[in-house]
Amino acid sequence: IAVEVTESFAEYIKTKPIVFEVFGHYQQHPFHLQGQDLSPAQPSRRHFPTPMPLSKPVPATKLNPMNKTSLGQSVSKYDLLVWFEISELEPTGEYIPAVVDHSGGLSCQGTFLLHQGIQRRITVTIIHEKGNELHWKDVRELVVGRVRNKTEVDESPADAVLSLNIISAKYLKSHSSSRTFYRFEAVWDSSLHNSLLLNRVTPYGEKIYMTLSAYLELDHCIQPAVITKDVCMVFYSRDAKISPPRSLRSLFGSGYSKTPDW
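The sections below set out a description of the structure shown in this document. In this text the structure is predicted, and so the values were computed from the model without any measurement. (Residues numbered from 1 in each chain as written. Predicted model: local features only at pLDDT ≥ 70, side-chain atom pairs only at ≥ 80, totals over all residues. Heavy atoms only, no water.)

### Looking at the overall build of the protein
Along the backbone of the protein there are 3 helices and 12 strands. Buried residues in the protein amount to 32% of all 262 residues. For the protein, restricting intrachain contacts to residue pairs at least 6 apart in sequence, the fraction spanning at least 24 positions comes to 75%. In the structure as shown, the protein presents an accessible area of about 18,000 Å², 54% of it carried by carbon and sulfur atoms. (Helix = DSSP H or I, 4+ residues; strand = E, 2+ residues; numbered from the N terminus. Buried < 20%, exposed > 50% of the residue type's maximum accessible area, 1.4 Å probe, protein only. Contact = heavy atoms within 4.5 Å. Areas by Shrake-Rupley, 256 points an atom, 1.4 Å probe, with all protein chains shown as cover.)

### Observations concerning the packing of aromatic side chains
Taken as a whole, this structure holds 2 aromatic pairs when the rule is applied. Ring centres 6.3 Å apart and planes at 15 degrees place the aromatic pair tryptophan 136 and tyrosine 182 in the stacked group. Taken as a pair, tryptophan 136 in strand S6 (residues 136-148) and tyrosine 182 in strand S9 (residues 179-188) lie far apart in primary sequence, 46 residues in all. Tyrosine 182 gets classed as buried once you look at its relative accessible area, which sits at 2%. Three or more aromatic residues joined by ring pairs form one cluster here, namely Trp136, Tyr171 and Tyr182. Cation over ring: arginine 120 sits above tryptophan 188, and NZ or CZ is 5.3 Å from the ring centre. When the ring centre of tryptophan 83 is taken as reference, the NZ or CZ atom of arginine 183 above it lies at 5.4 Å. (Phe/Tyr/Trp six-rings, centres within 6.5 Å; stacked < 30°, edge-to-face > 60°. Lys NZ or Arg CZ within 6 Å of the ring centre and 35° of its normal.)

### Looking at the pattern of salt bridges
In this structure the tally under the stated criterion is 7 salt bridges. We note a salt bridge from glutamate 129 to arginine 179, for which the minimum N-O separation is 3.8 Å. Taken as a pair, glutamate 129 in strand S5 (residues 120-129) and arginine 179 in strand S9 lie far apart in primary sequence, 50 residues in all. Residue glutamate 129 is classed as partly exposed on the basis of its relative accessible area of 41%. Classification of arginine 179 by relative accessible area gives partly exposed; the value is 35%. When the shortest N-O distance is used, the salt bridge between lysine 137 and glutamate 217 registers 3.4 Å. Here lysine 137, found in strand S6, pairs with glutamate 217, found in strand S10 (residues 208-218); they are 80 residues apart in sequence, far enough to count as distant. Judged by its relative accessible area of 24%, glutamate 217 is partly exposed. A single network of salt bridges, built from pairs that share partners, joins Lys137, Arg140 and Glu217. (Salt bridge = Lys/Arg side-chain N within 4 Å of Asp/Glu carboxyl O.)

### Observations concerning the side chain of serine 87
Within the secondary structure, serine 87 sits in strand S1 (residues 81-89). Since its relative accessible area comes to 6%, serine 87 is described here as buried. Once you skip the residues sitting within four places of it in the chain, serine 87 turns out to touch Tyr95, Ile96, Pro97, Ala98, Gln119, Arg120 and Arg121.

### Here's the deal with the environment of alanine 225
Looking at the secondary structure, you find alanine 225 in strand S11 (residues 225-236). Along the primary structure alanine 225 and tyrosine 215 are separated by 10 residues, whereas in three dimensions their C-alpha atoms are 5.7 Å apart. Apart from residues lying up to four places away in sequence, alanine 225 is in contact with Trp136, Ala214, Tyr215, Leu216 and Leu218.

### Describing the sheet that holds S1
Taken together, 5 strands build an open sheet; the order of strands is S2-S1-S5-S9-S8 and the sheet is antiparallel. Strands at the two margins of the open sheet, each flanked by one partner only, are strand S2 (95-97) and strand S8 (165-171). Each neighbouring strand pair of the sheet contributes to a mean axis angle of 25 degrees, computed without reference to strand direction. Both S5 and S9 contribute to a ladder of 10 bridges, which runs antiparallel. Residue pairing across strands places isoleucine 122 opposite alanine 186, the latter belonging to S9. (Pairing = 2+ DSSP bridges. Axes fitted to C-alpha atoms, helices over the stretch in contact; angles between N-to-C directions.)

Take a look at the structure:
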């Protein structure tokens, strides 16, 4: 499958879904009758994305400790789609999104394939239905920490928690009249963690995990909203060529892609 990439096409795939339809002809098979069931069809679990594990937020360093107040009446509810990218500095001076390995087949659990010792940026894009009640004023802080080589989290006072430098935060223009896009970008120098896990090539079979928490200020809200995600990473040598195979499997989202994680 090939398509000419134009500026309008690139903008379309950033903001709108691409639907693949597969057509075929039925052929009789030996288990057709046995496979028939007159009972109401139950939805298959494989059609639903795997729930993303909720991470405990990394505490903010620039904000006062937040206390959980009693919840009042719910005014409105919004579903957020959050898009995470890690970009690396190329010799051309541009920051290019890193390859993400989705071969595990689990939703929201891709592995970022990174180069050791390269300058990086983390970009977060929030997408939601438009509404007068939800307006992002500013990004108070983007905090990263809990670097580890296992999914479980061991709270340790020795863990280095970094508050990243926000270099941009803005609303994006969109061709969609029903959705809002808010994006912010921060500089991430992994060497400041002083962690061996981030300052070496990842041994074969090992993966590195880190928790990222964004604190955002909203109109008419006393406390900031918090968005938290665990990111999974593998570090290769600085000069390693990461060129995933182009296949139908990767095209349909089950392999490698130069795309963000959600």
